[in-house]
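# Descriptive analysis of the structure
Chain residues, written in single-letter form:
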Amino acid sequence: MDRFTLEELISQLGNLEDDIDMVARRLYNAPRKADEDEIANALIGIKTIHKLRREETLQTLEHLITKGDLK
């Protein structure tokens, strides 16, 4: 792990907006409207993915701080 890995992970956190936009397009613009379960599942999925991205980013940050690679 290096600072470039951390930068990439931080950049990926911004994918949340793209993920929400994609799901919104699928749920609201599809020929068949999504039901409540589909909407809930999509939102839970986005939340879970964002949580995993955030955790990985924080673990990498902590690792680099411990190693003394961030100044």
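Refer to the preceding data block for the structure.
Residues numbered from 1 in each chain as written. Predicted model: local features only at pLDDT ≥ 70, side-chain atom pairs only at ≥ 80, totals over all residues. Heavy atoms only, no water.

### Focus on the overall build of the chain
Note the cut-off: Runs of E in the DSSP output that reach at least two residues are strands. Runs of H or I that reach at least four are helices, and both are numbered from the N terminus. The globule rule used here is 2.2 Å times the number of residues to the 0.38 power, and the radius of gyration it is set against is calculated over C-alpha atoms. Only protein chains enter the calculation, and the probe is 1.4 Å; a residue is then buried if its accessible area is under 20% of its type maximum, exposed if over 50%, and partly exposed in between. We call two residues contacting when some pair of their heavy atoms lies within 4.5 Å. Here the accessible surface of atoms and residues is derived via Shrake-Rupley with a 1.4 Å probe, and residues count as covered only by protein chains that are part of the display. His residues and chain termini do not enter the charge count, which takes Lys and Arg as positive and Asp and Glu as negative. The location of each charge is read from NZ of Lys, CZ of Arg, CG of Asp or CD of Glu.
Per the secondary structure count, the chain includes three helices and zero strands. Listed by position from the N terminus, the elements making up the chain come as α-α-α. Since a compact globule built from 71 residues should have a radius of gyration of about 11 Å, the 16 Å found for the chain marks it as more spread out than a globular shape. Expressed along its principal axes, the backbone C-alpha trace of the chain runs to roughly 55 × 15 × 15 Å. Within the span of the chain, comprising 71 residues, buried residues form 20% of the whole. The contacts of the chain with a sequence gap of at least 6 include a subset with a gap of at least 24, amounting to 69%. Of the roughly 5600 Å² that the chain leaves accessible, carbon and sulfur atoms contribute 56%. Counting 11 positive and 15 negative side-chain charges, the chain places the centres of these two groups 0 Å from one another.

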